[in-house]
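A structural walkthrough
In case you want the letters, here they are:
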Amino acid sequence: MAGKAYVTRMPLGMPGAITRPRETTSEPAILEAAKPFSAYGLAGKYSGNKFVPLEDGDALTDVVGLFVRPYPTTNPTDARALGITSGYNGDVLKRGYICVSVPTAQAASAKKGGKVYVRVAGSTADSPLGSIVLSPDGTAANTPELTIAKVMGPGDKDAATTHGTVEIAFNI
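As the structure is a computational prediction, the values presented were derived from the model and not from experiment.

Cut-off values and rules
Residues numbered from 1 in each chain as written. Predicted model: local features only at pLDDT ≥ 70, side-chain atom pairs only at ≥ 80, totals over all residues. Heavy atoms only, no water. Salt bridge = Lys/Arg side-chain N within 4 Å of Asp/Glu carboxyl O. Helix = DSSP H or I, 4+ residues; strand = E, 2+ residues; numbered from the N terminus. Buried < 20%, exposed > 50% of the residue type's maximum accessible area, 1.4 Å probe, protein only.

1. Side note on the pattern of salt bridges
The full count for this structure, using the stated rule, is 9 salt bridges. Salt-bridge contacts for Asp58 lead to Lys45; the nearest nitrogen and oxygen are separated by 2.9 Å. Taken together, the residues span a long stretch of sequence, with Asp58 in the loop between β3 (50-53) and β4 (65-68) and Lys45 in strand β2 (residues 43-47) at a distance of 13 residues. In this pair, the class of Asp58 matches that of Lys45, namely buried. Between Glu145 and Lys150 there is a salt bridge, and its shortest N-O distance comes to 3.8 Å. Residue classification places Lys150 among the partly exposed positions, given a relative accessible area of 32%. The network of salt bridges with common partners includes Lys35, Lys45, Glu55 and Asp58.

The structure is reproduced here in structure tokens:
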């Protein structure tokens, strides 16, 4: 009986998903309901005792980790619609491997050991503050290099035409 081979590889995962749990350090954090993250896998900072998304003009040194997609999860939109304004929590990747969303062209050309950049200014609908990109935009100050992160290999194109996913090593 002949076996079958995969013609293409399995997908990397969903943005914000931890890809190698054994090598990961994540911490629980209280989130600010008034400042929700727009997606998983975005860089964030602490504001008081709460983990919040980056704001326009924040410095790269403000980044303390990446917003992890928990499983199982409560949809943040549902929590806000129900009027939950406190006790809202999530997880912060402090060290490890995570799948992040990047523009499709960057995912397709990603190389192992490639540089990682984080958007700290000049956000767009497709690239919010805290998003990970693999090449700086026209204004380098908008997307400084996150030197504690590296690309782990080629990425995948998601079902959406604008974004793909790549695995990055963060603070390893």
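2. Brief notes about the environment of Gly83
With respect to the helices and strands, the residue Gly83 is situated in the loop between α1 (76-81) and β5 (89-103). Residues Gly83 and Ala33, 50 residues apart in the sequence, show an inter-C-alpha distance of 9.3 Å.

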